[in-house]
2 protein chains.
Amino acid sequence: MRDALVAAAFRLFLERGYEQTTVDDIVALAGVGRRSFFRYFPSKEDVVFPDHERCLADMTAFLAASDEGHEPVPRVCDAARLVLRMYAENPSFSVQRYRLTKQVPGLRAYELSVVWRYERALAEYLRGRFAGRPDGTLRADVIAAAVVAAHNNALRSWLRSDGKSDASTTVDHALGYVQSAFGAAPPAAPVQEHPGHPGHPEHPEDVVVVVSRRGAPLWRVVQEIETTLGRE
Amino acid sequence: MRDALVAAAFRLFLERGYEQTTVDDIVALAGVGRRSFFRYFPSKEDVVFPDHERCLADMTAFLAASDEGHEPVPRVCDAARLVLRMYAENPSFSVQRYRLTKQVPGLRAYELSVVWRYERALAEYLRGRFAGRPDGTLRADVIAAAVVAAHNNALRSWLRSDGKSDASTTVDHALGYVQSAFGAAPPAAPVQEHPGHPGHPEHPEDVVVVVSRRGAPLWRVVQEIETTLGRE
């Protein structure tokens, strides 16, 4: 019944436009009463995003199931991947909705409020993990926002490919950028020798020596280290 | 006239509540007609945030006036400071509005859309500056989101102090965290010798040598560099 309502709604949104479609039109096409619609969806906007509540609940449960052994930044990146997976489960529906949302300002506002709730869920988890550390809430808020922005950049790029590019590679790359800025977990396997830097022995206990001008901007120094470590 | 409408609106919002106040109530108290209200404000929500359009225009103009000599990350941090300055110009009004916005979900949604427009302005500027660089749009989106999150963290902390803490110190600290993560401008003055590291000569052309275990997480390496450079 819920799926039938979503299918009827999207058929009408695409045929007539979102604004021109009423809840009455949707229930007439689905062959159910108005009360059935409102049992599943508080408003017409909610039928456009039928899976976000479930996904938010999944994300909250996933973060609540974390323990001290989970590195906080990789953990929130994994939580963000749950959202991408929800989109990637149904590419044609996600792409249709993306086009619809771009055209209807009210839906964009709705989407912003959903994104905000995901961001708050990630930030709350990080605030807990960073509690008592200097700048704990600042770091939590900034990292949560960066993770969401990276996720959304990857999601939009996948949606613009009509769901044809590899969503998971794209999001891994985007989240990797955030992890490199805010703290990556120690690599699970020994890091491979970088071909351009034959001076370093191969076993994992070896050292990296970086020599840098004192006046150099920090980001250049970090770039240099990343290159040396072969993490580009 | 515009200021009188804002003053009348806030008096009524505080006395009766936002939802219980109509545009008719506001214009009656201000002694003007409904058309005057709508000449200044498209809706009742807009009177709550009377300065954001001007501030967005100021920010866009500020960013448009940038040249190649401006380091991109410090530049967007300066652009974000324009928003804080707008709040800090009128602490009691800002604190009143903060309390009101927390109580009215419709106003929070409005605020999210305003924040989104600031974030887009910063991201568009960065996308231009990073054009042609690998991951240009990804970096632009993530840094813009991080700057906005840091700014909002500082702003909320100032608002919770009832506008009594030092807004500009708080935001400098928060934005400094973002700059250290994503690239700081070269220091204006020679960096002072760090007392714990007597091995480095004092003139600005000197070098920093960092030795690190290859398996160390990148953030630890960065922390080590920051300590060595005395930039904590």
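Rules of the game
- Residues numbered from 1 in each chain as written.
- Chains lettered and ligands numbered in written order.
- Predicted model: local features only at pLDDT ≥ 70, side-chain atom pairs only at ≥ 80, totals over all residues.
- Heavy atoms only, no water.
- Helix = DSSP H or I, 4+ residues; strand = E, 2+ residues; numbered from the N terminus.
- Buried < 20%, exposed > 50% of the residue type's maximum accessible area, 1.4 Å probe, protein only.
- Contact = heavy atoms within 4.5 Å.
- Areas by Shrake-Rupley, 256 points an atom, 1.4 Å probe, with all protein chains shown as cover.
- Arc of directions from axis to C-beta.
- Salt bridge = Lys/Arg side-chain N within 4 Å of Asp/Glu carboxyl O.
- Phe/Tyr/Trp six-rings, centres within 6.5 Å; stacked < 30°, edge-to-face > 60°.
- Lys NZ or Arg CZ within 6 Å of the ring centre and 35° of its normal.
- Axes fitted to C-alpha atoms, helices over the stretch in contact; angles between N-to-C directions.
- Parallel < 35°, antiparallel > 145°, perpendicular 65-115°, else oblique.
- Left-handed = near helix turned anticlockwise from the far one by under 90°.
- Expected span 1.5 Å × (residues − 1).

Looking at an unreviewed UniProt entry, chain A carries the name TetR/AcrR family transcriptional regulator, with the source organism given as Streptomyces bobili.

A.B. asks: An account of the overall build of chain A is needed here, citing residue identities and associated values.
C.D. replies: Along the backbone of chain A there are eleven helices and one strand. Start at the N end of chain A and walk to the C end: the helices and strands fall as α-α-α-α-α-α-α-α-α-α-β-α. Every one of the 232 residues in chain A was classed for burial, and the buried ones make up 49%. Restricting the contact set of chain A to residue pairs at least 6 apart, pairs at least 24 apart contribute 63%. When the accessible surface of chain A is split by element, carbon and sulfur atoms take 53% of a total near 11200 Å².

A.B. asks: I'd like a rundown of helix α2 (residues 23-30) of chain B, residues and numbers included.
C.D. replies: Residues and elements named next belong to chain B. Those residues of α2 that sit buried are Val23, Ile26 and Val27. For α2, the buried positions fall inside an angular range of 90 degrees around the axis, keeping them on one side. At its buried positions, α2 is contacted by α1 (2-16), α3 (34-40) and α4 (44-48). Directly after α2, the chain includes Gly31, whose backbone phi takes a positive value near 75 degrees.

A.B. asks: Which residues make up the pattern of salt bridges, and what are the values?
C.D. replies: Residue and element names in this part refer to chain A. Per the counting criterion, the structure on display carries 22 salt bridges over all chains. Of the charged contacts, one joins Asp25 and Arg16 as a salt bridge, the two residues approaching to 3.1 Å between their closest N and O atoms. A residue is classified by how much of its surface remains accessible, and Asp25, at 22% relative accessible area, is partly exposed. Given a relative accessible area of 42%, Arg16 falls into the partly exposed group.

A.B. asks: Just give me the short version of the side chain of Arg120 of chain A, but keep the residues and values in it.
C.D. replies: Inspection of the secondary structure assignment puts Arg120 of chain A in helix α8 (residues 105-129). Those residues in contact with Arg120 of chain A, other than ones at most four positions away along the chain, are Arg127 and Asp141 of chain A.

A.B. asks: Break down the packing of aromatic side chains for me, citing the residues and quoting the values.
C.D. replies: Residue and element names in this part refer to chain A. Counted according to the given criterion, the structure contains 17 aromatic pairs over all chains. Through a chain of ring-to-ring contacts, the aromatic side chains of Phe10, Phe13, Tyr18 and Phe93 assemble into a single cluster. Positioned above the aromatic ring of Tyr18 is the side chain of Lys44, whose terminal nitrogen or guanidinium carbon lies 4.2 Å from the ring centre.

A.B. asks: Tell me about the environment of Thr169 of chain B, residues and numbers included.
C.D. replies: Among the secondary structure elements, Thr169 of chain B is positioned in helix α10 (residues 167-182). In this structure, the C-alpha to C-alpha distance between Thr169 of chain B and Ala154 of chain B, residues 15 residues apart in sequence, is 9.1 Å.

A.B. asks: Give me the packing of helix α6 (residues 72-88) of chain A against α8 of chain A: which residues, what numbers.
C.D. replies: Residues and elements named next belong to chain A. In contact at an axis separation of 10 Å, α6 and α8 are set at 155 degrees when each is read in the N-to-C sense. Classified by the interaxial angle, the pair formed by α6 and α8 is roughly antiparallel. Of the two possible hands of crossing, α6 and α8 adopt the one that is right-handed. Residues Pro72, Arg75, Val76, Ala79, Val83, Met86 and Tyr87 of α6 form the contact with α8, whose own contacting residues are Glu111, Tyr118, Leu122, Tyr125, Leu126 and Arg129.

A.B. asks: Got a sec to walk through helix α1 (residues 2-16) of chain A? Specific residues and values, please.
C.D. replies: Residues and elements named next belong to chain A. Here α1 spans 21 Å end to end across 15 residues, near enough to the 21 Å set by a 1.5 Å rise per residue. For α1, every residue scored as buried is listed here: Leu5, Val6, Ala8, Ala9, Phe10, Leu12 and Phe13. Looking at the buried residues of α1, the elements they touch are α2 (23-30), α3 (34-40), α4 (44-48) and α7 (91-103). Just downstream of α1, Gly17 is the residue with a positive phi angle, here 100 degrees.

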